[in-house]
Amino acid sequence: MAVDELQAIIQRCQVLEEADFKGEDFNLFQVAGQKCLEDGYASQLLEVIQNEKNKVIIKNMGWNLISPLVRCIFTYKQEDDKREHCLKILDQLAQLCNPKELFLGLLEQIEQTSGEQVCQTVTLLLQPLQTVLLKLQNKKAYSVGLSLAMIMNQLTPIPVPYTEQQIQEDKLGLCQCCNAVVDFAKPFVSEVVKNMEKSSEYNDMELKEELIKFCMKSLKYPLLTAQLEQLEGIEEHPFRHFATEIIDILWNIRELIPLVFSHRKGKSPQWENQEFADTEQKNSADSLACLSYLVFVQHFGIDCFPMVFSPSYLLQCNMTHIEVLLIRTEESMLSKGLDLFESCLLRMENNSLLHQYLEFRGFINVPQVLVKVMTLCPIEHLRKKSLNILQLFIDKFDAEGKYTLFRCLLKTSNHAGVEGYVIKNIKDQIHLSLTKACDNIWFTGHHLISLLDLVLLLPEGAETDLLQNSDRIMASLNLLRYLVIKDCESDNQTGVWTILAKIEQNFLKPLHVGLNMSKAHYEAEIKNKRENRREAHSSNTVCSLTVSGEKMPAMTTEMQLQVLHSALFTFDLIESVLSRVEELIEVKIKGGMDEN
């Protein structure tokens, strides 16, 4: 019987001195104890452990029972008495065993767990692990850091619940486990805070650094991925609670404001392997970006901040974080980046952002990344939001800033729709300059002429793909039409009449040639398709179409004809506006000559 075998081993070891325990004794104790647990004699094993006479034996050998004990706990149902006995054994082992040995045993058990049992195992062992760590005298900070790192590494592969239903179900127990880990860390936070209060020159930085590392890891996972908006169906959002706790830790150890307003330097490990160094830097950037989102969008810990920072300074501080989030493709991170950008911009007055800010790399990089989100992101509501934010960004700059930003976007966007949108903005700024009493030198005169050189031209002359560039061409024609109507040749405030010959040479004439070529090509294609349709047995003949190397869904001949007619309609529209512009120019020139 398992209990008898255990008692025999216990009696033999009771007469031995602690130093006389042999490896064989450890093995026999482990086998017998495991058998007791597996055969359902947990209550008898508990009695053995609680017996004062066996204190020395349990101190040295008890840690060997951790692995079979955890297995048995998960075998029994929640209400089973045997499970309750196993939990009491675990608690007793935490109190009686050699802290160092039990610490290693608990960590090994956490490290070996996998799959669906990770969160259950971690949650189960956090309390005994905390008890053991509080007993350790030597290398306490190292042990706490090792424990937190091991736990977070085990949790990281688990998918973060995102939807309201997933958060409520919490199938793998991640939400519960994350908040349990924060509770596990609290005594060590209190220890750091207590030591800092004792002395203003707190020198024992090791434990504090380990807590900072834990917070940084928590910011990257799960908070960077998590849905943190308040959900109606959830009274206490587990990830919002977790975020609050992480912010509280950083505030209590006096690291919240330094982390928000500066990139941590000097404390990051110096890796010989450049790949490790790059990974460390990326992880840190992700964590700091998430921290800024929590503070400035969700307002966690915002009450702690001194209200002395200007909106433009806050925007400057966050541009790096915004870029980090916007270059990601995951919806949760992209939306956080857009929310952070929008939040910073909404704090500012229109026309208040000085053009000098464009000398900072982030102020040039972020709008370019935003353009990629606008044009490439597959999620419609994020594309729309990014367009609104781009307009918000434009609106915040002073006149010179807008001018510089427009030039940059025209040169870098490589997207006709974006270029058309920028040209429409240029037209709006010219209108303001012409209708306001104050003179705006950036959207009149020689500055505007330089900008018009980028706008009123075809990128590849007559060979330009007019269909692909139709948005840009239409916006350019509308701008030119506006300039001709609003600015008389005698006033020439915009300078458009000075460069009219250049505009005709670089834009209007090539556009005429391109339209004629394109219309002829598409009309020939339509004629060809119609002839092929007559020859075919059915009008539902299907052909394949390849765009940018990707095979598109099959198109019938009727569908192809619709596409071709749509292209012709676009060319007719461009031609109509072009004719109107040329007519206006002719009328204005004739009117000017008559006046003379």
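Every chain begins its residue count from 1, and numbering advances along the sequence as written. It should be noted that, the model being predicted, local features are given only for residues of pLDDT at least 70 and side-chain atom pairs only at 80 or more, the latter also being counted only at that level, while totals for whole chains, interfaces and linings use all residues. Side-chain metrics rest on all non-hydrogen atoms present in the structure, leaving aside hydrogens and water.

As annotated in an unreviewed UniProt entry, the protein carries the name GLMN protein and is attributed to Smutsornis africanus.

A.B. asks: Would you mind going over the overall build of the protein in detail, with residue names and values included?
C.D. replies: By the criteria applied, helices consist of DSSP H or I runs no shorter than four residues and strands consist of E runs no shorter than two, each listed in order from the N terminus. In terms of helices and strands, the protein carries 25 helices and two strands. For every residue, the accessible area (1.4 Å probe, protein chains only) is compared with the maximum for its type, and the residue is labelled buried under 20%, exposed over 50%, or partly exposed between those bounds. In the protein, which comprises 596 residues, the share counted as buried stands at 48%. Whether two residues are in contact is decided by their heavy atoms: any pair within 4.5 Å suffices. Residue pairs in contact within the protein that sit at least 24 positions apart in sequence constitute 75% of those at least 6 positions apart. To measure how exposed things are, a 1.4 Å probe is used in the Shrake-Rupley method; for residues, cover is taken only from the protein chains shown. Of the roughly 30,500 Å² of accessible surface on the protein, a fraction of 49% belongs to carbon and sulfur atoms.

A.B. asks: Break down helix α20 (residues 399–412) for me, with residues and values.
C.D. replies: To estimate the expected span of a helix, count its residues, drop one, and scale the result by 1.5 Å. If you check α20, its first and last C-alpha atoms are 20 Å apart, about what 14 residues at 1.5 Å a residue would give, namely 20 Å. Of all the residues in α20, the buried ones are Gly401, Lys402, Tyr403, Leu405, Phe406, Cys408, Leu409 and Leu410. At its buried positions, α20 is contacted by α18 (361–376), α19 (380–396), α21 (416–435) and α22 (445–455).

A.B. asks: Could you give me a rundown of the pattern of salt bridges, with the residues and numbers involved?
C.D. replies: Take a side-chain nitrogen of Lys or Arg and a carboxyl oxygen of Asp or Glu: if they are within 4 Å of each other, that pair is a salt bridge. Summed over all chains, the structure comprises 19 salt bridges. The partner of aspartate 572 in a salt bridge is lysine 519, with the nearest N and O atoms 3.2 Å apart. Taken together, the residues aspartate 572 in helix α25 (residues 557–595) and lysine 519 in helix α24 (residues 500–535) connect sequence positions 53 residues apart. On the basis of relative accessibility, which here comes to 16%, the residue lysine 519 falls in the buried class. Glutamate 575 is the salt-bridge partner of lysine 519, the closest N and O atoms lying 2.8 Å from each other. Of the two residues, lysine 519 sits in helix α24 while glutamate 575 sits in helix α25, which places them 56 residues apart along the sequence. Within this structure, Lys220, Lys282, Asp286, Arg328 and Glu330 form a network of salt bridges that share partners.

A.B. asks: Which residues make up the packing of helix α5 (residues 66–75) against helix α7 (residues 99–112), and what are the values?
C.D. replies: To get an axis, fit a line to the C-alpha atoms, keeping to the stretch in contact for a helix; angles then go from 0 to 180 degrees between the N-to-C directions. Where α5 meets α7, the closest approach of the two axes is 9 Å, and the angle between their N-to-C directions is 45°. Here α5 lies oblique to α7, going by the angle between them. Judged by the sense of rotation from one axis to the other, the crossing of α5 with α7 is right-handed. On the side of α5, the interface is formed by Ile66, Ser67 and Val70, while α7 contributes Leu102, Gly105, Leu106 and Gln109. Looking at the contact of α5 with α7 residue by residue, the classes come out as four nonpolar, three polar and no charged. Just so you know how the angles are binned, under 35 degrees is roughly parallel, over 145 roughly antiparallel, 65 to 115 roughly perpendicular, and the rest oblique. Handedness of a crossing is defined here by the sense of rotation of the near helix relative to the far one, left-handed for an anticlockwise turn of less than a right angle and right-handed for a clockwise turn. Note on residue classes: Ala, Val, Leu, Ile, Met, Phe, Trp, Tyr, Cys and Pro are nonpolar, Asp, Glu, Lys and Arg are charged, and everything else, Gly too, is polar.

A.B. asks: Could you give an account of the environment of leucine 46, with specific residues and numbers?
C.D. replies: Topologically, leucine 46 is positioned in helix α3 (residues 42–50). Sequence separation of leucine 46 and histidine 85 is 39 residues, and the distance between their C-alpha atoms is 6.9 Å. Ignoring anything within four residues of it in the chain, the contact list for leucine 46 reads His85, Lys88, Ile89 and Gln92.

A.B. asks: Mind laying out the packing of aromatic side chains, listing which residues take part and the relevant values?
C.D. replies: A pair of Phe, Tyr and Trp rings is counted when the ring centres sit within 6.5 Å of each other, with Trp represented by its six-membered ring. The angle between the planes then sorts it: under 30 degrees is stacked, over 60 is edge-to-face, the rest tilted. Tallied over the entire structure, the rule returns 16 aromatic pairs. Between phenylalanine 261 and tyrosine 313, the aromatic rings sit 6.1 Å apart at their centres with planes inclined by 15°, giving stacked as the arrangement. A residue pair is termed long-range when its members are at least 10 positions apart, and phenylalanine 261 in helix α14 (residues 256–261) and tyrosine 313 in helix α16 (residues 311–326) qualify at 52 residues. Tyrosine 313 gets classed as partly exposed once you look at its relative accessible area, which sits at 31%. When the ring of tyrosine 357 is compared with that of phenylalanine 363, the centres are 5.4 Å apart and the planes differ by 45°; the resulting orientation is tilted. Note on accessibility: tyrosine 357 and phenylalanine 363 belong to one class, buried. Taken together, the ring pairs connect Phe341, Tyr357, Phe360, Phe363, Phe393 and Phe397 into an aromatic cluster. Here the guanidinium or amino end of lysine 336 rests over the ring plane of tyrosine 293, the centre of that ring lying 5.5 Å away. Looking at lysine 427, its charged tip hangs above the ring of tyrosine 482, at a distance of 5.4 Å from the centre. The criterion is that NZ of a Lys, or CZ of an Arg, lies within 6 Å of the ring centre and within 35 degrees of the ring normal, and then a charge sits over that ring.

A.B. asks: Please set out the side chain of glutamate 255 residue by residue, giving values where relevant.
C.D. replies: With respect to the element layout, glutamate 255 can be found in the loop between α13 (238–252) and α14. On the accessibility criterion, glutamate 255 (11% relative accessible area) is buried. Polar contacts, as counted here, are pairs of nitrogen or oxygen atoms within 3.5 Å of one another; within protein the pair requires one atom able to donate a hydrogen and one able to accept it, and residues that are adjacent in sequence qualify only if both atoms are side-chain atoms. Within the local environment of glutamate 255, its side chain forms a polar contact with the side chain of lysine 208, the two groups lying 3.4 Å apart.

A.B. asks: Report on α18, specifying residues and quantitative values.
C.D. replies: In a regular helix each residue adds 1.5 Å, so 16 residues correspond to 22 Å; α18 covers 23 Å between its end C-alpha atoms and thus fits that length. All of the buried residues along α18 are Gly362, Phe363, Asn365, Val366, Pro367, Val369, Leu370, Val371, Val373 and Met374. Contacts made by the buried residues of α18 are with α16, α17 (331–346), α19, α20 and α21.

A.B. asks: Account for the confidence of the model for the protein, with residues named and values stated.
C.D. replies: Known as pLDDT, the predictor's confidence for each residue is given on a scale from 0 to 100. The pLDDT averaged across the protein works out to 87; a share of 89% of its residues lies at or above 70. Here residues 264–268 is modelled with pLDDT under 50, and outside its nearest four sequence neighbours on either side it reaches five contacts, counting other chains as well.

A.B. asks: Go over the packing of α20 against α22 with me, naming the residues and quoting the values.
C.D. replies: Packing of α20 against α22 brings their axes to within 10 Å, and their N-to-C directions diverge by 20°. Judged by the angle between their axes, α20 and α22 are roughly parallel. Where α20 crosses over α22, the two elements pack in a sense that is left-handed. Residues Tyr403, Arg407, Leu410 and Lys411 of α20 touch α22, and the partners they reach there are His447, Ser450, Leu451, Leu454 and Val455.

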